[in-house]
Amino acid sequence: MEKTWWQKSTIYQIYPRSFNDSNGDGIGDLQGIIEKLDYLELLGIDIIWLSPVYQSPNDDNGYDISNYYEIMPEFGTMEDMETLIEEAKKRNIHIMMDLVINHTSDEHHWFEESRKSKDNPYRDYYVWRGSENGPPSDIQSVFSGSAWEWDEQTGEYYFHLFSKKQPDLNLHNPEVRERLYTMMNYWLDKGVSGFRMDVIDLIGKEIDQKVLTDGPKLHDYLREMNENVLSHYPTITVGETPSATPETAQLYTGKDRNELDMVFTFQHMSLDERAGEGKWALKELDLVELKQVLSKWQTSLFQKGWNSLYWNNHDQPRIVSRWGNDQEYRDESAKMLATVLHMMQGTPFIYQGEEIGMTNIEFDNITHYRDIETINYFHEKKSEGVPEEEIMESIRTKGRDNARTPFQWNDDAHGGFTEGTPWMEVNSNFIEINAEQAIKNQNSIFFYYQKLIALRKRLDILLYGEYELLLGDHPEIMAYTRKWADQTLLVVANFYGGNPVVHLPEKMDDSHAEIIISNYSNPSEKPSELGHLRPYETIVYLIEK
Ligand code: GLC
Ligand code: CA
């Protein structure tokens, strides 16, 4: 496997709106991020993935861009952005931008032109279809309702897979791709180090054939992008690919493919939904399934590609509430989940607040929610007659606002996020759960993450060791090894609140076993001494031959 600058890195995602407000208007901003760079340096991360900061009317909080070359005024100015890049660099932190090119805002100049007339030079930048009997097809928007919006002015429909304020670009138009490459080069020249590519598996879509993801031209376009942009800089790239499988991941990230460095899998994220019914259809997680999915990615990409490792982002509920225990065992389960993830092969992503064990929010009614997907879903289900309590249960469990409440910095009003009124309410548990508390306590979740990040830099086995799942059928324990040269790394984790006994499948010679991290005091010194695990207990051994 080729070694690259970013393989030892840990990436930290910032959702700027909710991170830190520097001027009291209730909205996080770039100066707010700059103020917290020392905090991030202390944590030890290497790269910031910045959710979109471009000019946007915020129908989908910045994922609807109206100008790729301007900063959203609520977040600051281009000068602030340059300062952020520079100040981050002083601390050896790279900035990875969010690249949203499946669609723009309907307030983007291109779309404003495009909708004016059928022969406007920008017409073909988007997807327009005439139709006499209603929408051209039954394709549904991810944010509820038809993906086709009727536009009075020219009497045609335009296509939007997300909100109607996010018209899809037509990437089959070479001029569109050319302009996007110019824009990407502009940002790389400014000093950013790469891109997280929003729903990139959609850019080759053939709408008339109803092919949305994995269109026939998808990989051609990515290779063209690589040739025109990425190959000219030492970039890091990760594609958001809801449709990816371990097999297609190799097409994106394979060594000689010249496309992307990594992709985000969604396969583990859909295990707690009823198959085929979408994210809101709740189901308990089956640990055996989770182990199968994660292991398949680990083994399929070994020496062929590179995994991204994540539990959280701005679209997912908080992992400690989702698959841990955010009450009695919040501390233990947050550390256990972090361990299981960070000891695998790939590049770990931490989403803001994960490192202090922030939890899901429990708003009592829809008026407190801000996310367009959530609000549309609520109204759609209401109109279908679904009982409100049932809708709210799905929203409390899966809604994206779980991840988007303001960062909890300290126990001042609004968790120290703002001196004004926050754009969304802070989680009321900020009195106990906040960064200031975490930094005062050497045993906190924060310092545990710090240690995981440092281990990745110190131990090559974490980067290159071959993965093998142990106890695959055990319903409560996750265990695996990594093997590299003369070393074995053994990860053991209790995923639940019981006391299961560990029976390792084979006797290891563990006379030279050392514990490199664990989340309880007095863990069993050697793998052979392992008996019952405590609730959410995890231990990692490094064994030398
Ligand atoms: C991606 C983003 C999500 C956004 C959507 C449309 O899934 O992560 O936040 O709403 O794309 O851009
Ligand atoms: Ca602000």
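Computed from a predicted structure; not experimentally measured.

**Details of the layout of surface pockets**
Of the pockets and cavities examined, the largest pocket occupies roughly 1300 Å³. Val142, Gly278, Lys279, Trp280 and Glu373 are the residues nearest the centre of the largest pocket, which is lined by 49 residues in total. Those elements that provide at least two residues to the lining of the largest pocket are helix H11 (372-383) and helix H12 (388-398). The element best represented in the lining of the largest pocket is H12, accounting for five residues. For the lining of the largest pocket, a count of residues per class yields 18 nonpolar, 13 polar and 18 charged. Within this model, the second largest pocket holds a volume of roughly 540 Å³. Broken down by secondary-structure element, the contributors of at least two residues to the lining of the second largest pocket are helix H9 (319-322) and H12.

**Details of the environment of Val211**
Along the polypeptide, Val211 turns up in the loop between strand E9 (194-197) and helix H6 (218-228). Note on Val211: relative accessible area 28%, which makes it partly exposed. A C-alpha to C-alpha distance of 26 Å links Val211 and Arg400, two positions 189 residues apart in sequence. Once you skip the residues sitting within four places of it in the chain, Val211 turns out to touch Lys205 and Glu206.

**Let's talk about the domain arrangement of the protein**
One can read the domain layout of the protein as domain 1 (11-101 + 174-202 + 231-364 + 406-450), domain 2 (109-159), domain 3 (365-404) and domain 4 (466-544). Between domain 3 and domain 4, the C-alpha centre-to-centre distance is 40 Å.

**Overview of the sheet that holds strand E10 (residues 236-240)**
The strand order across the open sheet built from eight strands is E11-E10-E9-E5-E2-E1-E13-E12, with neighbouring strands paired in parallel fashion. A single partner strand is all that each edge strand has here, and the edge strands are strand E11 (262-264) and strand E12 (308-309).

**Considerations on the site of ligand 1**
Neighbouring ligand 1 are 14 residues; Asp60, His103, Asp198, His314 and Asp315 lie closest to it. Contact between ligand 1 and Arg196: an oxygen atom at 3.0 Å from a side-chain N or O atom of the residue. His314 has a polar side-chain atom sitting 2.9 Å from an oxygen atom of ligand 1. Considered on its own, ligand 1 offers 300 Å² of accessible surface; in the complex 96% of this is hidden by protein. Among the detected pockets, ligand 1 sits in the largest pocket.

**Some points on helix H8 (residues 287-300)**
With 14 residues, H8 should cover 20 Å at 1.5 Å per step; its first-to-last C-alpha distance of 20 Å lies within 8% of that length. Burial analysis of H8 places 10 of its 14 residues in the buried class, the great majority of the element. Here H8 has its buried residues at Leu287, Val288, Leu290, Lys291, Val293, Leu294, Ser295, Trp297, Gln298 and Ser300. Buried-residue contacts for H8 involve helix H7 (246-253), E11, E12, strand E14 (466-470) and strand E15 (477-484). The opening residue of H8, the one whose side-chain oxygen lies 2.9 Å from the backbone nitrogen of Val288, is Asp286.

**Overview of unusual backbone geometry**
Phi is positive for Asn92, close to 60 degrees, though the residue is something other than glycine. Tracing the backbone shows Asn92 in the loop between helix H3 (78-90) and strand E5 (94-99). Judged by relative accessible area, which is 63%, Asn92 ranks as exposed. One non-glycine residue, Asp214, lies in positive phi territory at about 55 degrees. Secondary-structure assignment places Asp214 in the loop between E9 and H6.

**Considerations on the pattern of salt bridges**
One pass over the structure, following the stated rule, counts 41 salt bridges. Between Lys205 and Asp168 there is a salt bridge, and its shortest N-O distance comes to 2.9 Å. One end of the pair, Lys205, is in the loop between E9 and H6; the other, Asp168, is in the loop between strand E8 (156-159) and helix H5 (174-189), and 37 residues separate them in sequence. Per residue, the accessibility class of Lys205 equals that of Asp168, and both read buried. Across the pair Glu273 and Lys398 runs a salt bridge whose closest N-O atoms are separated by 3.9 Å. One end of the pair, Glu273, is in the loop between E11 and H8; the other, Lys398, is in helix H12, with 125 residues separating them in the sequence. You'll find Glu273 and Lys398 in the same group, each marked buried.

**Here we look at the nonpolar core**
Counting residues in hydrophobic clusters, the biggest one holds 149 residues, and the most contacted among them are Tyr12, Leu50, Met81, Met184, Trp187, Trp311 and Phe495. Ranked by residue count, the leading element in this core is helix H14 (residues 445-458), at eight residues. Trp311 has contacts with His268, Met269, Leu290, Leu294, Gln316, Ile319, Trp323, Leu337, Ala338, Val340, Leu341 and Glu354, leaving out every residue within four places of it along the chain.

**Re the pairing of strand E1 (residues 11-14)**
Across the two faces of E1 the burial is the same, with Ile11 and Gln13 and Tyr12 and Ile14 all buried. With three bridges joining them, E1 and strand E13 (residues 347-351) adopt parallel strand pairing. Bridge pairing in E13 places Ile11 opposite Phe349. Bridge count for E1 against strand E2 (residues 47-50) is four bridges, and the pairing is parallel. Looking at E2, one finds that Ile11 is bridged to Ile47.

**Some details on the packing of aromatic side chains**
Counted by the stated rule, this structure contains 34 aromatic pairs. Between Tyr12 and Phe19, the aromatic rings sit 6.3 Å apart at their centres with planes inclined by 70 degrees, giving edge-to-face as the arrangement. Owing to a relative accessible area of 0%, Tyr12 belongs among the buried residues under this scheme. Ring pairing ties together the aromatic residues Tyr54, Tyr68, Tyr69, Trp110, Tyr122, Tyr125, Tyr186 and Trp187, which thus form one cluster. We note Lys279 situated over the ring of Trp280; from NZ or CZ to the ring centre the distance is 4.7 Å.

**Regarding the side chain of Thr538**
By the secondary structure assignment, Thr538 is in strand E18 (residues 538-544). Classification of Thr538 by relative accessible area gives buried; the value is 1%. Reaching out from Thr538, the side chain makes a polar contact with the backbone oxygen of Val492 at a distance of 2.9 Å. Beyond its immediate stretch of four places on either side in the chain, Thr538 contacts Lys335, Met336, Thr339, Tyr448, Val492, Ala493, Ile517, Ser518 and Asn519.

Thresholds, definitions, all that
Residues numbered from 1 in each chain as written. Chains lettered and ligands numbered in written order. Predicted model: local features only at pLDDT ≥ 70, side-chain atom pairs only at ≥ 80, totals over all residues. Heavy atoms only, no water. 1 Å grid on protein atoms, 1.4 Å probe; cavity = no way out; pocket = protein on both sides within 12 Å on 5 of 7 lines; lining within 4 Å. Points joined across faces, edges and corners; volume = space filled by probe spheres on them. Helix = DSSP H or I, 4+ residues; strand = E, 2+ residues; numbered from the N terminus. Nonpolar A, V, L, I, M, F, W, Y, C, P; charged D, E, K, R; others polar. Buried < 20%, exposed > 50% of the residue type's maximum accessible area, 1.4 Å probe, protein only. Contact = heavy atoms within 4.5 Å. Domains from an automatic or database assignment. Pairing = 2+ DSSP bridges. Near = heavy atom within 4 Å. Polar contact = N/O pair within 3.5 Å; in protein donor to acceptor, adjacent residues only side chain to side chain. Areas by Shrake-Rupley, 256 points an atom, 1.4 Å probe, with all protein chains shown as cover. Sits in = over half its atoms within 2 Å of the grid points. Expected span 1.5 Å × (residues − 1). Salt bridge = Lys/Arg side-chain N within 4 Å of Asp/Glu carboxyl O. Core = buried A, V, L, I, M, F, W, Y, C linked by side-chain atoms within 4.5 Å. Phe/Tyr/Trp six-rings, centres within 6.5 Å; stacked < 30°, edge-to-face > 60°. Lys NZ or Arg CZ within 6 Å of the ring centre and 35° of its normal.

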